[in-house]
Amino acid sequence: MKWTYLALLSYDGAKFVGWQRQAEGRSVQGVFESSLARIHGGIRVVAHGAGRTDAGVHALALAVSFSTPRQWDIGRLNRALNALLPEDCWVSAVHPMAPGFHARTSALGRRYRYDIGTDAEAASPFRRRYEWALGGSPELAVLREAAEVVSGTHDFRAFAAKSPAKPHYRCNLRRVEWLARDGGTGVSLHIEGDRFLHHMVRFLVGTMVDIALGRRQTSEMRTLLDRTDNLTTSPPAPPQGLFFVGAQYPAELYLGTPDAS
């Protein structure tokens, strides 16, 4: 018998090649699975993330599922993971889950945030690895107009990286909201949807910023939604401003108290 768990994992993506294991480079999945193997006496335990963040992208609470050959006290498992994970990773909580739970396929939705710095201090070494130091001030009202265009269900092929063909490119964005950051330091995009394509949030941010800086027209946002390629889409925003915030799951999959994330 195996027991299934959900870990809420935070990490600084600056020194990772992304979540997914790769032939070369340090991945979040790799270091997490290495910690699980040490806890279980060398037995490999496969971990699945709710999202496959790219190199340089961060997470505040990436949902990670895994099944183990032994039943754990939740507090003990949480402490063991944090004792073994590197300093740029941290597990805030662990939950026992129903058999068959999978962090990616069981998710009802996912939330991301993208931070942009518009003040001079955004370029400081203490901020530039966690936000886009834009060096300009995009007009917030225009950003919000562009966000309204993509809210709802659309084909987002024009805002996806080239990759193997998918069955479909439709996503339902339930929230696409730009907010001013405290102290006049910049703006943040808060975005939530049922699914996201590869580089989708970064392509959306890059295009909306170009519109808000006067480089493109707001009407182009709707035109792009009708395209079947990304050839005329603005370059994606840099990865360091992007954070995976959390994922949502049906309450009945939790064997304990569901976490608000």
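Coordinates for the structure precede this section.
A short tour of the structure in this document, coming up. (Residues numbered from 1 in each chain as written. Predicted model: local features only at pLDDT ≥ 70, side-chain atom pairs only at ≥ 80, totals over all residues. Heavy atoms only, no water.)

### What about the overall build of the protein?
Summing up its helical and strand segments, the protein has 5 helices and 10 strands in all. Seen through its C-alpha atoms, the protein measures out along the principal axes to roughly 60 × 40 × 35 Å. A buried classification covers 52% of the 261 residues belonging to the protein. Put simply, of all contacts in the protein between residues at least 6 apart along the chain, 71% involve residues at least 24 apart. Surface exposure of the protein reaches about 12,200 Å², of which carbon and sulfur atoms provide 50%. (Helix = DSSP H or I, 4+ residues; strand = E, 2+ residues; numbered from the N terminus. Buried < 20%, exposed > 50% of the residue type's maximum accessible area, 1.4 Å probe, protein only. Contact = heavy atoms within 4.5 Å. Areas by Shrake-Rupley, 256 points an atom, 1.4 Å probe, with all protein chains shown as cover.)

### Overview of the packing of aromatic side chains
Per the counting criterion, the structure on display carries 8 aromatic pairs. Judged by centre distance (6.2 Å) and plane angle (70°), the rings of Tyr-11 and Phe-16 are edge-to-face. The same class applies to Tyr-11 as to Phe-16, namely buried. Here Phe-101 and Tyr-249 contribute two aromatic rings whose centre-to-centre distance is 4.9 Å and whose plane-to-plane angle is 75°, an arrangement assigned as edge-to-face. Of the two residues, Phe-101 sits in the loop between strand 4 (89-97) and strand 5 (109-117) while Tyr-249 sits in the segment after strand 10 (242-248), which places them 148 residues apart along the sequence. With respect to burial, Phe-101 and Tyr-249 carry one shared label: buried. Taken together, Tyr-5, Phe-32 and Phe-66 form an aromatic cluster joined through their ring pairs. A cation sits over an aromatic face here: Arg-70 above Trp-72, 3.9 Å from the ring centre. Across the ring face of Phe-243, the terminal group of Arg-113 is positioned such that the distance to the ring centre comes to 4.7 Å. (Phe/Tyr/Trp six-rings, centres within 6.5 Å; stacked < 30°, edge-to-face > 60°. Lys NZ or Arg CZ within 6 Å of the ring centre and 35° of its normal.)

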